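Fold and contact review
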Amino acid sequence: MAVPPTRTGSARQRLHVLARAIAAIIGGYVVTALAVACLARLLPMRPAEASIAATLASFAIYAGIIVAIFWAKSMLRVCMGLGSALLLLGAALYLSILTGGRL
Amino acid sequence: MKESFRQSMAWLHTWTGLMFGWLLFAMFLTGTAAYFQQEISRWMRPELVANADPASATQAAINYLQARQSDAESWFITPPSARNPATEVFWQPKKVEGKPPTRRKRGETSAMLDGGGHPVTIRETRGGFFLYRFHFDLHYMPVIWARYLVGVAAMFMLVAILSGIVTHKKIFADFFMLRFGKGQRSWLDAHNVTAVFALPFYLIITYTGLVTLATQYMPWGVMANYASPETFFEELFPGRADVPRSGVAAPLVSVSPLMGIASRTWGGAAVGSIQVTNPGDSTAAITMTRSASTAIGARGESIVFAGPSGKLLDRHAQEGGALATQSVMVGIHAGRFADWALRWLYFLSGIGGTIMVGSGLVLWTVKRRAKLPDPMQPHFGFRLVERLNIAAIVGLPAGLATYFMANRLLPLAMADRAEWEINSLFLTWAGVLL
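It should be emphasised that the depicted structure is a prediction, and the values quoted were computed from it without experimental measurement. (Residues numbered from 1 in each chain as written. Chains lettered and ligands numbered in written order. Predicted model: local features only at pLDDT ≥ 70, side-chain atom pairs only at ≥ 80, totals over all residues.)

As for the confidence of the model for chain B
Residue and element names in this part refer to chain B. In this model, chain B carries a mean pLDDT of 83, and residues with pLDDT of at least 70 account for 89%. Of all the helices and strands in chain B, helix 6 (residues 171-174) carries the lowest mean pLDDT, 64, while helix 8 (residues 199-212) carries the highest, 92. This complex was scored by the predictor with a pTM of 0.83 and an ipTM of 0.84. (pLDDT = per-residue confidence, 0-100. Helix = DSSP H or I, 4+ residues; strand = E, 2+ residues; numbered from the N terminus.)

Points about the interface of chain B and chain A
Each partner contributes residues to the interface: chain B has 36 residues there, and chain A has 33 residues. Those elements that place two or more of their residues in the side of chain B that touches chain A are helix 1 (2-34), helix 5 (143-167), helix 8, helix 9 (214-217), helix 10 (220-225), helix 11 (229-236) and helix 13 (321-334) of chain B. When residues of the side of chain B that touches chain A are assigned to their parent elements, the largest contribution, eight residues, is made by helix 1 of chain B. Broken down by class, the residue content of the side of chain B that touches chain A amounts to 22 nonpolar, 11 polar and three charged. (Contact = placed C-beta atoms within 7 Å. Nonpolar A, V, L, I, M, F, W, Y, C, P; charged D, E, K, R; others polar.)

Describing the pairing of strand 4 (residues 271-277) of chain B
Residue and element names in this part refer to chain B. For strand 1 (residues 74-78) and strand 4, the ladder comprises four bridges, and the chain directions are antiparallel. Within strand 4, the position partnered with F76 by the bridge is Q275. Sheet topology places strand 4 next to strand 5 (residues 285-290); six bridges connect them, and they run antiparallel. Within strand 5, the residue paired with Q275 across the bridge is T287. (Pairing = 2+ DSSP bridges.)

Things to note about the sheet that holds strand 7 (residues 312-315) of chain B
Residue and element names in this part refer to chain B. Sheet architecture is open: seven strands sit in the order 3-2-1-4-5-6-7, paired in antiparallel fashion. Edge strands, defined here as strands with exactly one partner in the open sheet, are strand 3 (110-113) and strand 7. Mean inter-strand twist for the sheet, computed between neighbouring axes without regard to direction, equals 20°. Two elements, strand 6 (residues 302-306) and strand 7, share three bridges in a ladder whose sense is antiparallel. (Axes fitted to C-alpha atoms, helices over the stretch in contact; angles between N-to-C directions.)

Put into structure tokens, the structure is as follows:
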């Protein structure tokens, strides 16, 4: 079983792990929140239905993002992925709220 | 690439598992016990006897409330059922203008009645219900914090399961290997066997558990469409808004025929609970909700009758796909629909999960002990984990045993007896820790 050693990790390595954990837990949650909000507004159902459908899917989205962040080859890719997801989802949500519709 | 994915998942699995392993162990164990909460409550209240007829017991309960709580805002009645012999009633006392509702002790706004509507004198205990609430509300801390903590733990569990499937990729092949007396290998075997034994159960129970409190953990879906959560819930459950009393007195109709109508509407399913709003007033309404034991969906259909006339006022509208899905997910988690065979399967799967978490925790220390520079003098972090492992895995079951013993041993007249039963559980747990 290839488990990285726990005590021998250098300070650099620990910092790296900390960065990934923060990116996964906080960055992942923010991206999930935006994705859920977008889904709730854009799914073609009654608002109450769309809200619940998006909420039900949220934990799968979050878990998927966390796994992907720990899987990614480099921290640079993590940042690029998170950044573009934030921009894309944020823009979609902003446009959706700007054009009215629900709410 | 493949190998590094497995490595990163192994790391994720080890640490997400350890971070919340102790809490998850407690959640698994009390949640498993909660599948039998009615039976545990029954055992802890040996004074209760006989199965009364639900319809006449409900009428008797209404007469009891009529005599004592005629000015209450509303009454709630849970008729006796196959698993619970007593009629449980509680009421929302009349609001006083300009005064915030005062917090009252449980016994002041609730009662347990026998089939004839007479209060039964039983020992003060929270029974199996405490284990059920501890499963997600914990104890000695504000409920809202506890629920966030439990939610974070469940999210860690979900990630630990997903990464665990990758880490122990040979688990399906290794399933039939349980090698005893081989140290680390045996713990790993136990971990793998219990993991594979009910893997779909763990995934589903973790996910549906998150769903039970989803709008607290992920409020963004609701916030995107509604100005406030209240408007959302009002749309979901219309007609729950307060109707002011008219002041015109009007007696309630007899409930037995209404229970028959409700039951026939649901294809013979029993009435699980009854709410009477504005009792004794001309605006009184009787809402009956289908028993949770008769269908998987947790949100039972309901039917509303006018209090004075018994006229059918409203039926719960057909739910859309997403809402029905949510209702079924919560229902699967709570397992209230389960018959005996399925209930035992739930219980066994829960025990399996408890062992999986426990053996995973032990594995963490067993694996590291061998690699320590001096196995006889482990460093502080290792000793801490080891001690917490023992405390969690041995302490909680010992605590539960003490809880059950305290139920029989504490004096019946003791002040705050129910709270002391619970304290005895945690004192034992803390004792093992020291």
